Amino acid sequence: MQQDLEKKVRVSHHDENAEAEDEKDSLLPENASKTRSIDTEVNFNSWIYDLIVWGFSVSFDIFFREIRPRGAYRIPRHGPVIFVGAPHANQFVDPMLLMRQIRAEAGRRISFLIAEKSMRVPIVGSLARAVSAIPVIRVQDLLVSGKGKVYIENPEEPLRIKGKDTKFTTECAEGGLIALSKSLGSAEIVTIVSDDELILKKGFKSKDAIDFLTQEPRPYKRAPKVDQSQVYKEVFNRLNQGGCIGIFPEGGSHDRPDLLPLKAGVAIMALGALEHNPECDIKIVPCGMNYFHPQKFRSRAVVEFGPPLSVPKELVEMYKQGDKKDAIKQLLDMVHNALLAVTVTCPDYDTLMAIQTARRLYRPAHKKIPLSLVVEMNRRLVKGYTKYKDDPRIIHLRESVAHYNKQLQNLGILDHQVEYATLSTSQILGKLIYRSSKLIVLALGALPGAILFAPVFYATKKYSNKKAREALRASTVKIAARDVMATWKILVAMVLAPALYWTYALLATWLIWRYDLFPEYRPVWLFTIGAMIVFPVITFAALRIGEVGMDIFKSLKPLVTCLNPSNLNSIAKLRITREELSREVTEMINSLGPDVFPEFEARKSIFW
């Protein structure tokens, strides 16, 4: 069965690559070979860019277990491009990961828009300037607590905000923001009526925010209007030279399961550049940042590139003629739909967990599929669920899947470990003894490197948790601030690990010299260089051995659970439940799939 699946996947990839070659030619501008692209030129700045990207690539290969590009053939090799990434789930890791993939796959270099606040962060700011990042002052970074409290007097008028002991005329500004706590969002001020009344341009998107404000007066934060004309000027100049711009249009990183509302910046950049230079053939490439536990060490990531978007000429004309609001809205809708096609988004965490479980149930056990197809399956299931979520059959199936997940959690096992219910007691005991013995051997092999690297592990965990708490306090959209953790784990490790290895190397050199343990005819500094090579190798070996050992360690608990006589009946019932649930999920998907995806029957064999 495994060989059959691999064959189907290979055939699928072969067909996809064949289509990709034809599609690739159609994606490039007619004058692509003549188009000058400033980001492909070789100079001192490009060398620095490549060196930084290489350094982060090494760190990413250590932090992530697997990074997979998908649809990279769609990246234009020449001409001005705006790369639009979402969801922005991994703060500074997201832009560096995109820079790495686009440089490796297409040879392009990107100037990312970065929060001006981040440019003031040590190390981060220096690296950003070295890769020609463009600083942007974000309104949310200027939020400060406002005097008094705000509320909605009449729920029928959600745009009219009233104040109690407030000073709107002196503290707020038209075009500025007011924001609420508890991640309830922010809204733009269009008119300030008086010290205790103002009008919003658009209401708070969340019904919870309106309910929050109608109950009683609440504390709020305020921010002034920001002039971004200089930012747009730099962007237009870069695009007119055939360069690449990178932007995360949600406006900031977050850890929500769905996309945040897109900011207008990406649309203004594209339309504004074409207004100034109609011959500038700008392409907008949607980039899906799909992570599996992004904040965890040795996690996985898939970066998916969608078909490039061309800005319709009629939108450019609308923008020129002054109907900018409608033109921006239509282009943002195009970008949003393009991003939905390369990301997996859910309205909430519980739905995401149900979707992932349904995907595992919709295939025979032990059939491993490529990571990129896992993302595609999740996305298709989300689309199908969104269309039929009110269907009584889907409601019942979701409740059954949630109950199954709860049973797994109560027993402390994972979905793929339910198979242990089919094993005899002697087989389970044999597996437990074998894996425990193997774990001991691996632990001994990983111990030296683990001891050497322990200070880095401790420091990265403590510092990333500290940064997460700070980010959560300062944000109105984050849930647990998991989006900043991987960034600071990698940055701290990149600084601390070399310093630690030099400390070890110099200490070892001093001991060798002090006790005369090195041959006199060889200079002692050779030992120092050797130590700087050996210590990282030992640590890396320990990481890889520890990765295997951790997988084995996670498999021991279910085996012990199965040996407990009181659990045998529960696990046996759970196996039967899984089989029935798998059949239900499969029948439901096969029944409704053709209504959502016309090519469902043709593509089904790839996944099943």
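The present account deals with the structure reproduced in this document.

**Some remarks on the pattern of salt bridges**
1) Next: In the structure shown here, the tally under the stated rule is 30 salt bridges.
2) Next: Note that Glu 216 and Arg 218 form a salt bridge whose closest N and O atoms lie 4.0 Å from each other.
3) Next: By relative accessible area, Arg 218 is classed as buried at 14%.
4) Next: One salt-bridge network, held together by shared partners, links Arg 65, Arg 298, Arg 544, Glu 547 and Asp 551.

**Let's talk about the sheet that holds strand E10 (residues 197–200)**
1) Next: Across the sheet, 7 strands lie side by side as E5-E11-E8-E9-E10-E7-E6; this open sheet has antiparallel pairing. Lying at the two open borders of the sheet, with one neighbouring strand each, are strand E5 (144–145) and strand E6 (149–151).
2) Next: Pairing analysis gives 2 bridges linking E5 to strand E11 (residues 221–223), with the strands arranged antiparallel. Within the sheet, the bridge partner assigned to Ser 145 lies in E11 and is Lys 221.

**Digging into the side chain of Thr 166**
1) Next: Relative to the helices and strands, Thr 166 resides in the loop between strand E7 (160–164) and helix H6 (168–171).
2) Next: Polar contacts involving the side chain of Thr 166 include one to the main-chain carbonyl oxygen of Asp 195, which spans 2.7 Å.

**Brief notes about a positive patch on the surface**
1) Next: Among the surface-exposed residues, Lys 201, Lys 202, Lys 205, Lys 225 and Lys 325 lie close enough to one another that they form a single positively charged patch.
2) Next: Tracing the backbone shows Lys 205 in the loop between E10 and helix H7 (207–215).
3) Next: Lys 205 gets classed as exposed once you look at its relative accessible area, which sits at 67%.

**Description of the pairing of strand E14 (residues 299–305)**
1) Next: Burial of E14 is extensive: 6 of the 7 residues sit out of reach of the surface.
2) Next: Bridge count between strand E1 (residues 64–70) and E14: 6 bridges; the pairing is parallel. Its bridge partner being in E14, Ile 67 is matched across the sheet by Ala 301.
3) Next: In terms of strand pairing, strand E13 (residues 283–292) meets E14 through 6 bridges, oriented antiparallel.

**A word on unusual backbone geometry**
1) Next: Between Ala 86 and Pro 87 the backbone carries a cis peptide bond, its omega angle lying at -10°.
2) Next: Of note, Pro 87 is situated in the loop between strand E2 (81–86) and helix H3 (93–106).
3) Next: A positive phi angle, near 65°, is found at Arg 298, a position not held by glycine.
4) Next: Here Arg 298 lies in the loop between E13 and E14.
5) Next: In this structure Arg 298 comes out as buried when scored by relative accessible area, which is 11%.

**Examining a nonpolar patch on the surface**
1) Next: A surface patch of nonpolar side chains, amounting to about 650 Å² of accessible area, comprises Leu 51, Trp 54, Val 58, Ile 62, Phe 297, Phe 457 and Phe 540.
2) Next: Here the nonpolar patch gets 4 residues from one element, more than from any other, and that element is helix H2 (residues 44–63).
3) Next: Residue classification places Ile 62 among the partly exposed positions, given a relative accessible area of 31%.

**Digging into the nonpolar core**
Side chains of a nonpolar character, in soluble globular proteins, are inclined to be buried together.
1) Next: Core analysis: the largest hydrophobic core is formed by 47 residues, its most contacted members being Phe 60, Phe 64, Phe 83, Leu 97, Leu 98, Tyr 291 and Phe 305.
2) Next: For this core, the leading source of residues is H3, giving 7 residues.

**Observations concerning the packing of aromatic side chains**
1) Next: This structure, assessed with the given rule, holds 13 aromatic pairs.
2) Next: Cation over ring: Lys 467 sits above Trp 488, and NZ or CZ is 4.7 Å from the ring centre.

**Let's talk about the packing of helix H15 (residues 425–474) against helix H16 (residues 485–514)**
1) Next: Across the interface, H15 lies against H16 with an axial gap of 8 Å and an inter-helix angle of 150°. As the angle between them shows, H15 and H16 are arranged roughly antiparallel. Handedness of the H15/H16 crossing: right-handed. Here Ile 451, Leu 452, Phe 453, Pro 455, Val 456, Ala 459, Thr 460, Tyr 463, Ser 464, Asn 465, Lys 467 and Ala 468 of H15 come into contact with H16, specifically with Met 485, Trp 488, Lys 489, Val 492, Ala 493, Leu 496, Ala 497, Leu 500, Tyr 501 and Tyr 504.
2) Next: Class assignment for the residues of the contact of H15 with H16 results in 17 nonpolar, 3 polar and 2 charged.

**A closer look at the environment of Leu 581**
1) Next: Within the element layout of this structure, Leu 581 appears in helix H18 (residues 565–596).
2) Next: Taking the relative accessible area as the measure of exposure, Leu 581 reaches 4% and is therefore buried.
3) Next: A C-alpha to C-alpha distance of 8.9 Å links Leu 581 and Ala 358, two positions 223 residues apart in sequence.
4) Next: Not counting residues within four places of it along the chain, the set of residues in contact with Leu 581 comprises Leu 361, Leu 397, Ser 400, Val 401 and Tyr 404.

What counts, and at which threshold
Residues numbered from 1 in each chain as written. Predicted model: local features only at pLDDT ≥ 70, side-chain atom pairs only at ≥ 80, totals over all residues. Heavy atoms only, no water. Salt bridge = Lys/Arg side-chain N within 4 Å of Asp/Glu carboxyl O. Buried < 20%, exposed > 50% of the residue type's maximum accessible area, 1.4 Å probe, protein only. Pairing = 2+ DSSP bridges. Helix = DSSP H or I, 4+ residues; strand = E, 2+ residues; numbered from the N terminus. Polar contact = N/O pair within 3.5 Å; in protein donor to acceptor, adjacent residues only side chain to side chain. Patch = residues over 30% accessible without salt bridge, like charges linked within 9 Å, V, L, I, M, F, W, Y side chains within 5 Å. Areas by Shrake-Rupley, 256 points an atom, 1.4 Å probe, with all protein chains shown as cover. Lys, Arg positive; Asp, Glu negative; His and termini not counted. Charge placed at Lys NZ, Arg CZ, Asp CG, Glu CD. Core = buried A, V, L, I, M, F, W, Y, C linked by side-chain atoms within 4.5 Å. Phe/Tyr/Trp six-rings, centres within 6.5 Å; stacked < 30°, edge-to-face > 60°. Lys NZ or Arg CZ within 6 Å of the ring centre and 35° of its normal. Axes fitted to C-alpha atoms, helices over the stretch in contact; angles between N-to-C directions. Parallel < 35°, antiparallel > 145°, perpendicular 65-115°, else oblique. Left-handed = near helix turned anticlockwise from the far one by under 90°. Contact = heavy atoms within 4.5 Å. Nonpolar A, V, L, I, M, F, W, Y, C, P; charged D, E, K, R; others polar.

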